[in-house]
Amino acid sequence: TWDVKEMIISPETVDGLLSSFTNPNFNSSETFTMDTHVQINNSNFVSAFMSEAHFTAEYDSHVVADVTVEPMSFLGLRDVIAVANARTTITPELSKILLAVVTPSFHLRVKVTGTAPVKVTSLFGLKVQAKLNCWVDIHVLALLKNPNAMVVGHECTYAIGF
């Protein structure tokens, strides 16, 4: 299981995102970055090392963000903090689509998918691909006052591939 602990978003990024949705003359592409610290509960007895992982957040078939998670170690039966770096490019088309979706509820549901290369150190270095498939519920207005509260829910499935 996982929970967002901290979203690090600069004031310039917040202003830029707001402008890309509220400025009627927005007609260019703008790229924004943000970092998120995610607490992950490893309820397994085994330890593992995850190399850099890549995930994509989409609304419908539109990419909302590309996310890279920094390499990290998982100790058995311990929580760990993952650092996720997100990059989003807002185009005029995406701006209009997302604005129409979040008005008036200010709620957005995105699908996050991807894989993480994992080496299970306690199983002779077995290499696997951890697959993630989540629906993430976002309260968009929290961006203004408390970005840490933007993620209001998630439903995930996980799988292991070789």
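Because the structure is a prediction, the values reported are computed rather than measured.

**Here we look at unusual backbone geometry**
Glycine aside, residues mostly have negative phi, and peptide bonds are mostly found in the trans state. The linkage connecting threonine 103 with the following residue, proline 104, adopts the cis geometry, with an omega of 5°. Tracing the backbone through its elements, the reader meets proline 104 in the loop between helix H2 (92-102) and strand E8 (107-120). Look at leucine 77: it is not a glycine, yet its phi comes out positive at around 55°. Secondary-structure assignment places leucine 77 in the loop between strand E6 (72-74) and strand E7 (79-90). Residue leucine 77 is classed as partly exposed on the basis of its relative accessible area, which comes to 48%. The backbone phi angle of phenylalanine 124 is positive, close to 60°, even though this residue is not glycine. Looking at the element boundaries, phenylalanine 124 is found in the loop between E8 and strand E9 (126-139).

**So, helix H1 (residues 11-22)**
Along its 12 residues, H1 runs 16 Å from first to last C-alpha, staying within 8% of the 16 Å computed at 1.5 Å per residue. Among the residues of H1, Thr13, Val14, Gly16, Leu17 and Ser20 are the ones counted as buried. Down the axis of H1, the sector holding all buried residues measures 165°, keeping them to one side. More than 90 degrees from the buried face of H1, the exposed residues found are Pro11, Glu12, Asp15 and Thr22. Against strand E2 (30-41), E7, H2 and helix H3 (142-145) lie the buried residues of H1.

**Observations regarding the pairing of strand E4 (residues 53-59)**
Judged from the seven bridges that link them, E4 and strand E5 (residues 62-69) form a sheet pairing that is antiparallel. Directly across from glutamate 58, in E5, lies its bridge partner valine 63. Of the strand pairs in this sheet, E4 and E8 are connected by five bridges, and their pairing is antiparallel. If you follow histidine 54 over to E8, its bridge partner there is threonine 115.

**Observations concerning the pattern of salt bridges**
In the structure shown here, the tally under the stated rule is two salt bridges. One salt bridge in this structure joins arginine 109 and aspartate 137, with 2.8 Å as the shortest N-O distance. Highlighted residues: arginine 109 in strand E8 and aspartate 137 in strand E9, separated in sequence by 28 residues. A relative accessible area of 30% means that arginine 109 is categorised as partly exposed. On the accessibility criterion, aspartate 137 (14% relative accessible area) is buried. Between arginine 109 and glutamate 155 there is a salt bridge; the shortest N-O distance is 2.9 Å. With arginine 109 in strand E8 and glutamate 155 in strand E10 (residues 151-161), this residue pair connects regions lying 46 residues apart in the sequence. Taken together, the shared-partner salt bridges in this structure form one network comprising Arg109, Asp137 and Glu155.

**Some points on the nonpolar core**
Nonpolar side chains in soluble globular proteins tend to end up buried together. Counting 43 residues, the largest nonpolar core has Met50, Phe55, Val69, Val110 and Val112 as the members making the most contacts within it. For this core, the element with the highest residue contribution is E8, accounting for six residues. The contacts of valine 112, once residues within four sequence positions are left out, are Phe55, Thr56, Ala57, Leu132, Asn133, Cys134 and Val136.

Reading guide: rules and limits
Residues numbered from 1 in each chain as written. Predicted model: local features only at pLDDT ≥ 70, side-chain atom pairs only at ≥ 80, totals over all residues. Heavy atoms only, no water. Helix = DSSP H or I, 4+ residues; strand = E, 2+ residues; numbered from the N terminus. Buried < 20%, exposed > 50% of the residue type's maximum accessible area, 1.4 Å probe, protein only. Expected span 1.5 Å × (residues − 1). Arc of directions from axis to C-beta. Contact = heavy atoms within 4.5 Å. Pairing = 2+ DSSP bridges. Salt bridge = Lys/Arg side-chain N within 4 Å of Asp/Glu carboxyl O. Core = buried A, V, L, I, M, F, W, Y, C linked by side-chain atoms within 4.5 Å.

Purely spatial values, then, with no claim about function.
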